[in-house]
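This is what each chain is made of:
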Amino acid sequence: MKNYRSMVLISNDPHSMVQGAQEIFDCIKTEVKKYQLEDEVSIAMASDISRMDIAPVVVVYPEAVVYGPMKIEDVPFLVEEHLYKGRVANRLQAPKKALSGPIAWLSAREGSLPAEQRIVLERAGVIDPESIDDYIIHDGYQALGKALGEMKPEDVIATLKNSGLRGRGGAGFPTGLKWSFVAGVKSDKKYVVCNADESEPGTFKDRLILEGDPHSIIEAMIIAGYAIGADEGYIYVRGEYELAQSRLKTAIQQAKEYGMLGKNIFGSAHSFELHVHAGAGAYVCGEETALLESIEGKRGEPRPRPPYPTTDGLWGKPTLINNVETLANVPAILRHGADWFKTFGTPSSPGTKVYTILGNVNKTGLVEVSMGITLREVISIYAKGMKSGATFKLAQTGGSSGSIIPASLQDTPMDYDSYAKAGVSLGSGALLICSEETCVIDLAKVLLQFFKFESCGKCNPCRIGNIRALQTLDRISEGLGTAQDIETLQSISKNLYEMSNCGLGQTAGAPLKDIINHFRAEVDAHIKLKVCPAGVCAMSGQSNLYK
Amino acid sequence: MNKIKSLDDLKRVREEALEKRSKTTVTGKAHIIVGMGTCGIAAGARETMKAVLDTIEAEKMEGILVTQTGCIGLCEQEPILQVVRGDEEQVTYGKVNPDVAKRILKEHVVEGKVVKEFVVNL
Ligand SMILES: Cc1cc2nc3c(=O)[nH]c(=O)nc-3n(C[C@H](O)[C@H](O)[C@H](O)COP(=O)(O)O)c2cc1C
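Overview of helix H11 (residues 288–295) of chain A
All names here are of chain A.
Item 1. Most of H11 is tucked away: 7 of the 8 residues are buried.
Item 2. Buried residues of H11: Thr289, Ala290, Leu291, Leu292, Glu293, Ser294 and Ile295, and no others.
Item 3. Against strand E5 (191–196), strand E6 (232–237), strand E7 (273–278) and strand E8 (319–323) lie the buried residues of H11.

As structure tokens, this is what we get:
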């Protein structure tokens, strides 16, 4: 399971080929062999990275340096400098202003990015999760000791703000800012809640953290309590995660015995109490206000906002809600400092992100990598490439409520800002990689089926919109689509986004918008020609959905 | 258990734990770690763990520390079993069913020969 340390891409569009891209490819291969780097460097051709005036282009990852126009006589120098000595070969770089098209994104990447980086998963799979001693051996509870002993609550928040950590639950809200909101409200009682509902299909990063390193979440929550002035916390764990729940309960018991939970922690005035609450099973319970309702023992339906949980949360008290992965970053940031954290990732999204890779690739599973790497790297390096014979067509991020990312965006750095600029979202960290055998109509149907099923039914746009969208998609997939359908889907998508009460409905329309924006020809083929280019849809001429 | 009241207390607890750990590994021949996340358990890690413990008992093997851990992100390769033998480098095995576990105990832990066909290159 060797990971390549570098990846080299050579453009092979027609223009580059005329300019000798094949010879350059061969020459790079020979040179790399000369230095015996063939096990460390992957070399491939790509058709969508070039531009006329700098063809042929050579892109070297992970630094994401673009070289071009590449001449064969410069190849030995390039390989020696960059791949062997590890220095950027400045004089061969393409001029910054010549970067446009898909690779334009790469200029947003600054500095060099190391390979897989473990901050959040540092101890998962290394320590015994049922032993507090093992956690302490691996630097556990030092951040708590430091916070309580040497820092004021406002120092803790300042460090977090400074680190640039953003929420990993999907929306990417700045964590330090959220903490300061709750800290700034005066109240006799406040709560810290950890959102471990994790019901996005295909996402299992939070489970892995909870099962592999439960004390890190407990430590982070005690620190959060100190910073915002709360003395009680809840961990809302997805109901099906029985192992995670039992390990958390064991860990809480051990933390109590060591005096990490309870009164006067570390001999300070800070006291903290922690409960594990088993989730109620619905997807919407992961939405923060529905989650609060659920903890209060009510039906998990989202509350109208404002007021936000930061002022009116659990039982009406100011409440801090963070995702598991967000919290798991906190002890490391306090231990090593904000500046250390900022050395990972991009300036606007520091740190790492845990991704669960699924789909048509050679290696599925879980990786933690710096923010700002590209989908192409994830697929080629961490997922070991597409399965043989398969070509990458699209990726679905973030379980269901992410985006459909077409291959044309595979060089976009995966960080909150670059993705927002490209009109897509990172979601919760699931990456479903699909080959050309996937039909976008079929994919949208699967997603809408999920949203329809999970809609709580409280607000009309979501309850009705999802069903209507699903019916329309079903008709299209059966060869009954009409020209009107595109407009219908667009308007449903817009209405879902603008009028739904909570994030569930607001994101449910995203797949509709994405397939029309990025795969219009394929949608049109279904509607106008009555063919499914991927050969997935039945096209039977009958649709019986919810008649 | 005395409560931890300061960073110094924490340091002391850490050192004690480290010492306890090194005692078991120095006197012991090997440390066996079984991946027991949900993915591991679903793939049969409990059976693997049971086979390890049963074999140690049946063969009266001594000084072997067996612990569990969470998922390391290689869910496809579960059940995963890792062996640290004395000062040697840690070896990670994948797809370890009870029979493979018994083989690893016999060939690697006792005789010192790594069972190559089940090694996962990290
Ligand atoms: C329908 C829906 C489901 C959600 N599910 C989850 C979830 O399972 N886990 C999670 O952490 N956040 C989930 N969220 C996001 C939370 O509402 C909230 O933004 C998050 O917990 C904030 O934590 P963060 O700032 O650490 O990201 C969901 C949101 C919506 C709209």
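Let's talk about the interface of chain B and chain A
Item 1. Counting residues at the interface gives 33 residues for chain B, matched by 40 residues for chain A.
Item 2. Interface area for chain B against chain A, summed over the two sides, is near 2,800 Å², with a carbon-plus-sulfur share of 56%.
Item 3. Summed over the shared surface of chain B and chain A, the result is 2 salt bridges.
Item 4. Between A:Asp133 and B:Lys20 there is a salt bridge; the shortest N-O distance is 3.7 Å.
Item 5. On the surface where chain B and chain A come into contact, there are 13 residue pairs in polar contact (both at pLDDT 80 or more).
Item 6. For the side of chain B that touches chain A, the leading source of residues is helix H1 (residues 7–27) of chain B, giving 8 residues.

Looking at the pattern of salt bridges
For side chains bearing opposite charge, pairing can occur when the charged atoms are close.
Item 1. If you walk through the whole model with that rule in mind, you get 42 salt bridges over all chains.
Item 2. A salt bridge links A:Asp206 to A:Lys205; the shortest N-O distance between them is 2.9 Å. The pair formed by A:Asp206 and A:Lys205 is uniform in burial state, with each residue classed as buried.
Item 3. Of the charged contacts in the structure, one is a salt bridge between B:Asp9 and B:Arg12, with a shortest N-O distance of 3.6 Å. You can see B:Asp9 and its partner B:Arg12 sitting in helix H1, 3 residues apart, about one turn around the helix.
Item 4. Among the ionic contacts, a cluster of salt bridges with common partners joins A:Arg168, A:Lys205, A:Asp206, A:Glu325 and A:Lys353.

A word on the sheet that holds E5(A)
Residues and elements named next belong to chain A.
Item 1. Strand order in the open sheet made by the 4 strands is E7-E6-E5-E8, with parallel pairing throughout. Pairing within the sheet leaves two strands with one partner each, and these edge strands are E7 and E8. Strand-to-strand twist of the sheet, defined as the mean angle between neighbouring strand axes without regard to direction, takes the value 20°.
Item 2. As defined by bridge partners, E5 adjoins E6 across 6 bridges and the pair is classed as parallel. Along E6, the bridge assignment pairs valine 192 with glycine 233.

Structural notes on the site of the ligand
Residue and element names in this part refer to chain A.
Item 1. Surrounding the ligand, one finds 18 residues, the nearest of these being Gly169, Lys178, Asn195, Asn323 and Thr326.
Item 2. Arginine 168 is positioned such that a nitrogen or oxygen atom in its backbone is 3.4 Å from an oxygen atom of the ligand.
Item 3. One nitrogen or oxygen atom from the main chain of glutamate 198 is found 3.0 Å from an oxygen atom belonging to the ligand.
Item 4. Computed on the free molecule, the ligand has an accessible area of 610 Å², of which 88% lies beneath the protein chains in the complex.
Item 5. Elements represented by at least two residues in the shell around the ligand include exactly E8 and helix H19 (503–508).
Item 6. Per-element accounting of the shell around the ligand gives the leading share, 3 residues, to E8.
Item 7. Looking at the shell around the ligand, its residues break down into 3 nonpolar, 9 polar and 6 charged.

Procedures and definitions
Residues numbered from 1 in each chain as written. Chains lettered and ligands numbered in written order. Predicted model: local features only at pLDDT ≥ 70, side-chain atom pairs only at ≥ 80, totals over all residues. Heavy atoms only, no water. Buried < 20%, exposed > 50% of the residue type's maximum accessible area, 1.4 Å probe, protein only. Helix = DSSP H or I, 4+ residues; strand = E, 2+ residues; numbered from the N terminus. Contact = heavy atoms within 4.5 Å. Buried area = accessible area lost by both parts, 1.4 Å probe. Salt bridge = Lys/Arg side-chain N within 4 Å of Asp/Glu carboxyl O. Polar contact = N/O pair within 3.5 Å; in protein donor to acceptor, adjacent residues only side chain to side chain. Pairing = 2+ DSSP bridges. Axes fitted to C-alpha atoms, helices over the stretch in contact; angles between N-to-C directions. Near = heavy atom within 4 Å. Areas by Shrake-Rupley, 256 points an atom, 1.4 Å probe, with all protein chains shown as cover. Nonpolar A, V, L, I, M, F, W, Y, C, P; charged D, E, K, R; others polar.

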